[in-house]
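# A closer look at the structure
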Amino acid sequence: MGRPMRMRRQATLASLAAELGVSRTTVSNAYNRPDQLSPELRRRVLETARRLGYPGPDPVARSLRTRKAGAVGLLLTENLSYAFRDPAAIGVLEGLALACEDAGVGLHLVPASPGREDVAAVHRAGVDGFVVYSVPDDDPHLAAVMARPVPTVIIDQPRIEGVDRVGPDDAAAITQLAEHLVGLGHRKVGVLCMRLGRDRNDGFVPVERQRSAHFHVQKTRLEALAAAFGKAGVEWSDVPVVERFEHTVDDGASAARQLLDAYPQVTAVICTSDILALGALAEADRRGLRVPGELTVTGFDGIAEADRAGLTTVHQPVLEKGREAGKLLLASADHVNARVITLATELRIRGTSAPPRTMEEHWFGP
């Protein structure tokens with residue numbers, strides 16, 4: 001019977017220090033504060049660590065000792081894949097990642113999928129602070145974040161008194177777009193909007209639901225549109241608004257189909273995101289409607305796909321949005337009052353907006 005195999009004990013920080021004849025602090029500095037050692041000494045520590053099989057300092061023990069996790073948490077209101085699929089979300093994520101890189105900290109994604117009430121992921125997240133990206137005001141994950149004794153910065157929504165926030169002036173931005181359409185002569189308009197609450201609704205939205213929306217950005221944009229068109233004599237309750245729970249081009253196309261089937265007299269489709277607008281363009285093409293000759297379509301965000309499509313839209317700096325939120329969270333200076341960073345937007349008038357066709361043009365067009 002062969003002799004039992006003896007497993008080699010894993011090297012520890014203490015045994016590595018003894019092997020090298022240096023202090024444990026010196027070994028720790030080789031990993032955590034390399035600027036404190038000469039290049040030659042650090043190389044000797046790391047080479048000996050590899051030879052002995054020392055994996056490096058225990059990050060859990062280090063976080064317990066320093067009371068720092070070395071990571072920022074990003075709370076999303078979607079499934080995890082959304083952060084890598086939606087163009088605006090990708091921009092925000094990239095900007096936040098750049099801020100984390102500059103600060104030498106990690107990034108921990110905490111998805112808050114719609115309909116999920118379990119907030120354990122928030123409680124388990126080993127982070128030094130949270131960036132909350134565009135969640136409804138009644139989301140239980142948001143409440144769990146606010147209960148944690150760590151700093152928090154909100155991107156876009158919701159607006160919470162006393163909490164730092166980064167985002168554009170949505171009301172001013174979409175008012176500028178509405179004034180552009182009013183100036184062109186559009187009065188028979190329809191709207192495609194993103195979800196207004198955690199409950200699923202894929203259809204027309206009564207004014208009451210618009211006013212009670214839990215997603216503040218969509219609520220603000222709809223209120224500003226109502227005010228701008230109201231000044232032009234349009235009764236907002238007569239304006240059809242179609243909501244989509246999911247945010248994809250296909251959902252934008254189906255929303256436009258629902259709108260135009262019921263209201264074929266609409267001359268302009270105002271979309272609260274570029275993704276929905278790209279879907280509306282696809283539906284117009286399917287119907288054989290010329291844009292902008294027979295139908296005006298506008299968006300909001302200014303994503304690259306919108307640029308390529310020549311979409312009239314409001315551009316917002318999504319990468320800077322993420323970067324500024326990260327910098328705000330990681331800033332070491334103490335502050336008493338909530339800090340708000342309002343990012344500039346730009347109305348980009350391109351080839352999908354034009355004056356509405358007259359009835360004569362509709363029947364006897366060129």
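Residues numbered from 1 in each chain as written. Predicted model: local features only at pLDDT ≥ 70, side-chain atom pairs only at ≥ 80, totals over all residues. Heavy atoms only, no water.

## What about the overall build of the protein?
- The number of helices and strands found in the protein is 15 helices and 13 strands.
- Computed over its C-alpha atoms, the radius of gyration of the protein comes to 27 Å, more than 25% above the 21 Å expected for a compact globule of 366 residues.
- Projected onto its principal axes, the C-alpha positions of the protein cover 95 × 50 × 40 Å.
- Each of the 366 residues in the protein was classed as buried or not, and the buried ones make up 48%.
- Within the protein, the 46 negative side-chain charges are centred at a point lying 10 Å from the centre of the 44 positive side-chain charges. (Helix = DSSP H or I, 4+ residues; strand = E, 2+ residues; numbered from the N terminus. Rg over C-alpha atoms; globule rule 2.2 N^0.38 Å. Buried < 20%, exposed > 50% of the residue type's maximum accessible area, 1.4 Å probe, protein only. Lys, Arg positive; Asp, Glu negative; His and termini not counted. Charge placed at Lys NZ, Arg CZ, Asp CG, Glu CD.)

## Quick look at the sheet that holds strand E8 (residues 241-243)
- Pairing is mixed across the open sheet formed by 5 strands, whose spatial order is E7-E8-E6-E9-E10. Where the open sheet ends on each side, the last strands, each with one partner, are strand E7 (203-204) and strand E10 (296-298).
- Of the pairings in the sheet, the one linking strand E6 (residues 189-193) to E8 comprises 3 bridges and is parallel in character. Following the sheet pairing, Cys-193 is matched in E8 by Glu-243.
- Sheet strands touched by helix H11 (residues 249-262): E6, E7, E8 and strand E9 (268-271). Its angle to E6, the strand with the most contacts, is close to 150 degrees. (Pairing = 2+ DSSP bridges. Contact = heavy atoms within 4.5 Å. Axes fitted to C-alpha atoms, helices over the stretch in contact; angles between N-to-C directions.)

## Some details on the environment of Val-119
- Following the sequence through the fold, Val-119 ends up in the loop between strand E2 (106-111) and helix H6 (120-124).
- Spatially, the C-alpha atom of Val-119 lies 9.1 Å from that of Val-145, the residues being 26 residues apart in sequence.
- Setting aside its immediate chain neighbours within four residues, Val-119 contacts Pro-140, His-141 and Ala-144.

## Quick notes on unusual backbone geometry
- Along the chain, Gln-157 connects to Pro-158 via a cis peptide bond; the corresponding omega equals 0 degrees.
- Residues Val-291 and Pro-292 are joined by a peptide bond in cis, for which omega reads 10 degrees.
- We note that Asp-156 has phi near 75 degrees; this positive angle belongs to a residue other than glycine.
- For Asp-156, the location among the structural elements is in the loop between strand E4 (152-155) and strand E5 (164-168).

## Quick notes on the pattern of salt bridges
- Applying the stated criterion across every chain, the model contains 22 salt bridges.
- Arg-339 is paired through a salt bridge with Asp-164; the nearest N and O atoms lie 2.7 Å apart. One end of the pair, Arg-339, is in the loop between helix H14 (318-330) and strand E12 (340-343); the other, Asp-164, is in strand E5, with 175 residues separating them in the sequence.
- Among the residues examined, Arg-339 registers a relative accessible area of 22% and is labelled partly exposed.
- Here Glu-283 ties to Arg-257 by a salt bridge, and the two come within 3.1 Å at their closest N and O atoms. (Salt bridge = Lys/Arg side-chain N within 4 Å of Asp/Glu carboxyl O.)

## So, helix H3 (residues 39-52)
- Helix length check: H3, at 14 residues, gives a terminal C-alpha distance of 20 Å against a target of 20 Å (1.5 Å per residue), a fit within 8%.
- Here H3 has its buried residues at Val-45, Leu-46, Thr-48, Ala-49 and Leu-52. Along the long axis of H3, the arc covered by the buried residues comes to 165 degrees, so they all point the same way. For H3, exposure combined with an orientation more than 90 degrees from the buried face picks out Pro-39, Arg-50 and Arg-51. (Expected span 1.5 Å × (residues − 1). Arc of directions from axis to C-beta.)

## Remarks on the side chain of His-180
- Secondary-structure assignment places His-180 in helix H8 (residues 170-184).
- For His-180, a relative accessible area of 15% corresponds to the buried category.
- Residues within four places of His-180 in sequence aside, it is in contact with Thr-312, Leu-347, Ile-349 and Ser-353.

## Let's talk about the sheet that holds E2
- Overall, parallel pairing links the 6 strands, which are arranged E2-E1-E3-E4-E5-E12 in an open sheet. Strands at the two margins of the open sheet, each flanked by one partner only, are E2 and E12. Going from strand to strand, the sheet's axes swing by 20 degrees on average, the running direction of each strand aside.
- Sheet topology places strand E3 (residues 130-133) next to E4; 4 bridges connect them, and they run parallel. From the neighbouring strand, Val-132 faces E4, where its bridge partner is Ile-154.

## Here's the deal with the nonpolar core
- Core analysis: the biggest nonpolar cluster contains 28 residues, and Val-191, Leu-222, Leu-225, Phe-229, Trp-236, Val-241 and Ile-270 have the highest contact counts within it.
- Of all the secondary-structure elements, those providing two or more residues to this core are H8, E6, helix H10 (216-231) and E9. (Core = buried A, V, L, I, M, F, W, Y, C linked by side-chain atoms within 4.5 Å.)

## Considerations on the packing of helix H5 (residues 87-103) against H14
- In contact at an axis separation of 6 Å, H5 and H14 are set at 35 degrees when each is read in the N-to-C sense. Here H5 runs over H14; the crossing is right-handed. Seen from H5, the contacting residues are Ala-88, Gly-91, Val-92, Glu-94, Gly-95, Leu-96, Leu-98, Ala-99, Cys-100, Asp-102 and Ala-103; seen from H14, they are Val-318, Leu-319, Lys-321, Gly-322, Arg-323, Gly-326, Lys-327 and Leu-330.
- In the contact of H5 with H14, the residues fall into 10 nonpolar, 4 polar and 5 charged. (Left-handed = near helix turned anticlockwise from the far one by under 90°. Nonpolar A, V, L, I, M, F, W, Y, C, P; charged D, E, K, R; others polar.)

## Considerations on the packing of aromatic side chains
- This model, assessed by the stated rule, comprises 1 aromatic pair.
- Seen from their ring centres, Phe-204 and Tyr-263 are 5.8 Å apart, and the 65 degrees between their planes marks the pair as edge-to-face. One end of the pair, Phe-204, is in strand E7; the other, Tyr-263, is in the loop between H11 and E9, and 59 residues separate them in sequence.
- Residue class for Phe-204 comes out partly exposed when judged on its relative accessible area of 33%.
- Relative accessible area serves as the criterion here: at 28%, Tyr-263 is assigned to the partly exposed category.
- Above the ring of Phe-245, the side-chain terminus of Arg-195 is found at 4.1 Å from the ring centroid.
- When the ring centre of Phe-300 is taken as reference, the NZ or CZ atom of Arg-221 above it lies at 3.6 Å. (Phe/Tyr/Trp six-rings, centres within 6.5 Å; stacked < 30°, edge-to-face > 60°. Lys NZ or Arg CZ within 6 Å of the ring centre and 35° of its normal.)

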